[in-house]
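Summary of structural features
So you can see what is in the structure, the chains are spelled out below.
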Amino acid sequence: MISPLRQYFFRLVSLFRRDELDRDLEAEMSAHLDLAMEENLQAGMSPQEARRQALAQFGGTQQAKENHRDSRSLPMVETLLQDLRYSFRTLRKDRSFTTIAILILALGIGANIVVFSVVNTLLLRPLPFAHSDQLVWFAGNHGAGGLSDVTYNVGSYEEFARHAQSFEEVTCYQAFWGSSEFNMTGHGDPQHIQAVMVANNFFHTLGITPIVGRTFLAAEHQKGAAPVALLTYPFWQQQFAGDPLILGRTVNFDNQTVTIVGVLPRTFDFASVFSPGLRVDFFIPAYMDQVRTWGNTVAIVARLKPGVTLAQAQAESNVLSPQFRAAHPNPDWFMEYQADLSYLKDYVTGKLRRSLFVLWGAVGLILLIVCVNLSNLLLARIASRSKEFAMRTALGASRARLIRQLVTESLVLSAIGAVFGVALAFGAVSYLAHQGSIALPLLNSIRVDGAALVWTLLITLLVGIVFGFAPGLVVSGGNPQETLKDAGRGSREGRGHGRMRSTLVVTEVALACVLLVGSGLLLRSFLRVLDVDLGFEPSHAAVVDINYDAGPKGEKIGSSLQEIVSAVKAIPGVEAAGVADMLPLDRDRGWGLLNPSREYGKGEDQGAIVRIVTPGYLDSMGIRLLEGRDISWQDTLNKEPVVVINQSAARRHWPGQSPIGRDARGFDDKPGRVIGVVSDVHVTSLESSPGSEIYLPVFYGPEGARLVVRSKLPPDVLTASIVPVLRHLNPAQPNNTFRPVQTLVDHSVSPRKFFVCLVAIFATLGLVLAALGIYGVISYSVTRQTQEIGIRMALGATPGIVQRSVLARTLKLALIGIAVGAVASFAASKVISSLLFHTEPNDPTTFVGVIFLLVLVALLAGYFPALRATRIDPVTALRSE
Amino acid sequence: MSDSKLDLLQGTLDLMVLQTLATIGPLHGYGIARRIEQVSGNEVLLNQGTIYASLVRLQQRGWISAEWGTSDNNRKAKFYSITKRGRKQLTEDAAYWQRLSIVMSRVLSLPESEEGAKL
């Protein structure tokens, strides 16, 4: 039993001791011959005859050696090693080819690894929770509308938790978690922190256990319980230096003492799943009885019981929801809390699926172009090696052996390219993972993992085989005799060979065309998005989070804010200043707005997004006042129920009339008076059209406060001049810095920008590769036709004619490629049509632009070989044989 | 000439080498080749060079061991000797060959039947 294993082991070892074993055998064979000669001499032969006989008896020495190698080693591996050695030798000989090939491969493979890592993290890998495939997201109002529309009130959460049988556990968090921000004191400088309120079983449902301490107790969710908090891992590391004795420490949140009871694991990144691009520092228990009075604010997540399908859970919820409504006739339940269930994973990344697949497709095209390009380069190289191959065929190398040699060479190339590609991808991926401001879920957890490396191995093999195989077929298909004769005459390449190269170039141009059209359409959409009238002016506006003294019952809100705003307005360089509790594209909150003297049909939208603002906010944000006036300090301090509405709200609720001076309802117990109409602001996203928006004075209870300043001064200058004033007015003012309002816009467009940038990079890469392909083929054909061109010039062709004929050939190739590519692009653009914004899939500008660009690049690629053709000296060309 | 010599079946050379080493003791490659030729009465077709493939195979299996040494007439040569495991293997293989040869000779000595001849 042992012997075969032992033998295999020795055979394997022999591979690495080849030279040593060969020497040993040679010594042994020479001893053998000596012994044989000696015996023959003793038998009376002449020395010559003795040697001849000894050699004859021994048989072929080379044969014996081969025999010996075959028996002691692994013949297949030996051949492979031989091929590899040969490949390395030939690749080393042709440095420029090798460098270009490896560069192209590294870029192509690297891009593929990066995109695979992104796709893997966002789509393929499960969410970072225990058995995350059982987690379900509840969407109210069929997932349509603002956050208030899709969230639930506490009562409906409790009903689902109590009655739904499909779930092991139902939990929730307060989705307006931007509103649980605090000024933290008692640990260094005052600090602005973000907390999220969660239900009692939140961490248990997600399967998260704190690494230090414990989660919240049921009693800690009762109003009046001693406040406690859980720290996120990054905050623990950054602010408390990972102090293991953190438990039981206290900090102050807005002057309330909070005890730290635990630290959450590093793997639990709440924001990257539920609110990409933002950060969370603490978790605090939701006081359910308090949250109950806030209306629709909680987001529900549940864990399915094992064996229960999503469809079953959905069916159950469809039956339950009307029953809940019937059981709660009170006005708090002004809607039916229906639920559209989806897997949490689909909720988090579902919207991105199409974008990601498009991205994946784009890098797939890049890889294809890389293959085509390399096939082409290899073909050109093979043409110059055709004598070598013909010779080998003539000497008896089989077709399979030649193909194997070429495929080995291409595999060696693609393997080296892959090594560089992986390095490239590691760099790019770690760069992306640190782009915290890109609003893509899970982005900070992307990495080149085992799956990505397996994927790399797969594409490396595929690429190596694909681009080595086609040239292999060409080489081995030829007639060696023809080639040897052909090469002897130094004439041009075989007809089939040339046609194959042209086909490859046409393919390349067509693929590049598809990529360019796709990226052109996405780029145009992106520009259109940037062109959207925001309704406010982000340039020259900066914002800082502030703290102020609201007084024990909120009675000082108005006066404190007035003091702050007037002090800031007095600072030189400040053109306008105002405070709002929520900024556009940041957070939202929905109340209602309606015209009491108008009849409303069923299902008519009466929601409105609310901003609670001081006078001057509209000005400082650059929100245009169209009619009426801004809120005044007098309204604010006298608690006048006044409201400023946006244009859409005016049109919707007061069609055909001016709403100024009219009564409005929906946001207060008593009617409020409309005092102004302002431009529509894109509050949730640039790509959706704005609905009703209202601005109310600060006595309505702002959630947090952001000071917006309009000034030509840069944010850091504003920080230096304004923050000391704020601290002087209120010592608890945290050490915050001004940031441009533009960052809100950037954050909002970041996912689209991310995709556009990647696709544009790939398209550029594709264009460069296509240009390289055209250049290669044309340049090569000029070299091959040196004689022909020489003859033509000797017969009177001018350089102009020669140049034109080369360029014409270039143009012909490019135009065929463009024609094929345009048709393919037309089909491909339909696939991405849902990703476009205000851009038609067959947008003529993009198509014409791309065609123009490709023709230009093709002419450029053909220009240099054409120039070289005109410099051919007929005499030299004809002499050179 | 070669028509009349016996072509070696796969594995038979290995067995011959083992048997040779078992009876004569440590011996170099040339010695083994010569010995086999002599014993077989020059019946075996043997390119002496092929003996080395067999030797390396047996060595890797652990049935023989090798060591450089000096021959009777003071020449450096590699000497092979059979190991304990080699002897065991030899016993097994020899028994197998004997059984096979008995069976073969029985089969081959069957009288030809009428039908058989027709076939």
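The rules we used
Residues numbered from 1 in each chain as written. Chains lettered and ligands numbered in written order. Predicted model: local features only at pLDDT ≥ 70, side-chain atom pairs only at ≥ 80, totals over all residues. Heavy atoms only, no water. Helix = DSSP H or I, 4+ residues; strand = E, 2+ residues; numbered from the N terminus. Buried < 20%, exposed > 50% of the residue type's maximum accessible area, 1.4 Å probe, protein only. Contact = heavy atoms within 4.5 Å. Areas by Shrake-Rupley, 256 points an atom, 1.4 Å probe, with all protein chains shown as cover. Pairing = 2+ DSSP bridges. Axes fitted to C-alpha atoms, helices over the stretch in contact; angles between N-to-C directions. Buried area = accessible area lost by both parts, 1.4 Å probe. Salt bridge = Lys/Arg side-chain N within 4 Å of Asp/Glu carboxyl O. Polar contact = N/O pair within 3.5 Å; in protein donor to acceptor, adjacent residues only side chain to side chain. Disulfide = S-S within 2.5 Å. Core = buried A, V, L, I, M, F, W, Y, C linked by side-chain atoms within 4.5 Å. pLDDT = per-residue confidence, 0-100.

Concerning the overall build of chain B
- Tallying secondary structure elements over chain B gives five helices and three strands in all.
- Taken from the N to the C terminus, the helices and strands of chain B come in the order α-β-α-α-β-β-α-α.
- Classification of the 119 residues of chain B by burial places 38% in the buried group.
- Long-range contacts, defined here as pairs at least 24 residues apart, represent 52% of the contacts in chain B between residues at least 6 apart.
- When the accessible surface of chain B is summed, it comes to about 7600 Å², and 53% of that surface belongs to carbon and sulfur atoms.

What about the sheet that holds strand β3 (residues 76-82) of chain B?
Residue and element names in this part refer to chain B.
- Strands sit in the order β1-β3-β2 across an open sheet of three strands; the sheet is antiparallel. Because the sheet does not close on itself, it has two edges, and the strands there are β1 (27-28) and β2 (64-70).
- Alignment of β1 against β3, held across two bridges, turns out to be antiparallel. In the strand pairing of β3, His28 is matched with Phe79.
- Running over the sheet, helix α1 (residues 12-24) touches β1, β2 and β3 and is turned about 95 degrees from β3.

Concerning the interface of chain B and chain A
- Each side of the interface is counted separately: chain B has 28 residues, and chain A has 25 residues.
- Buried area between chain B and chain A, summed over both chains or domains, comes out near 2400 Å², and the portion from carbon and sulfur atoms is 50%.
- The three residues of chain B that bury the most area against chain A are Tyr30, Tyr52 and Gln60 of chain B, which together make up 31% of that side's buried surface.
- Where chain B packs against chain A, one counts four salt bridges.
- Ionic pairing is found between Asp34 of chain A and Arg75 of chain B, a salt bridge with its closest N-O pair at 3.7 Å.
- Summed over the shared surface of chain B and chain A, the result is 13 residue pairs in polar contact (both at pLDDT 80 or more).
- Only α2 (29-39), α3 (50-61) and β3 of chain B provide two or more residues apiece to the side of chain B that touches chain A.

Let's talk about the state of the cysteines
Residues and elements named next belong to chain A.
- In total, this model carries zero disulfides over all chains according to the counting rule given.
- Free of any disulfide, Cys513 has its nearest cysteine sulfur in Cys371, 20 Å distant.
- For Cys513, a relative accessible area of 1% gives the class buried.

Details of the sheet that holds strand β21 (residues 706-711) of chain A
Residue and element names in this part refer to chain A.
- Strand order in the open sheet formed by four strands is β13-β21-β12-β22, and the pairing between neighbours is antiparallel. With one partner strand each, in any of the chains shown, β13 (574-580) and β22 (739-740) form the two edges of the open sheet.
- By the bridge criterion, five bridges tie strand β12 (residues 541-545) to β21 in an arrangement that is antiparallel. Following the sheet pairing, Ala541 is matched in β21 by Arg710.
- Along the sheet, helix α21 (residues 557-569) makes contact with β13 and β21, crossing β13 at roughly 160 degrees.

A word on the pairing of β13 of chain A
All names here are of chain A.
- Along β13, six of the seven residues are buried, which leaves the element largely enclosed by surrounding structure.
- Bridge count for β13 against β21 is six bridges, and the pairing is antiparallel. Along β21, the bridge assignment pairs Val579 with Leu707.

A few points about the nonpolar core
Residues and elements named next belong to chain A.
- Phe129, Tyr173, Phe203, Phe268, Phe283 and Tyr617 are the most contacted members of the largest nonpolar core, which totals 157 residues.
- With 19 residues, helix α26 (residues 742-784) is the single largest residue contributor to this core.
- Apart from residues no more than four positions distant in its own chain, Tyr617 is found in contact with Ala577, Gly578, Val579, Ala580, Met582, Leu583, Pro584, Ile623, Tyr695 and Val708.
- Phe167, Phe182, Tyr233 and Met288 belong to the second largest nonpolar core, which has 45 residues in total.

A short note on the confidence of the model for chain B
- Chain-level statistics for chain B give a pLDDT mean of 83 and a share of 85% at 70 or above.
- The ipTM for the predicted assembly is 0.84, set against a pTM of 0.75.

Regarding unusual backbone geometry
All names here are of chain A.
- The phi dihedral of His131 falls on the positive side, at around 40 degrees, and the residue is not glycine.
- Note on placement: His131 falls in the loop between α6 (95-124) and β1 (135-139).
- One non-glycine residue with positive phi stands out, namely His540, at about 65 degrees.
- Structurally, the position occupied by His540 is in the loop between α20 (495-530) and β12.

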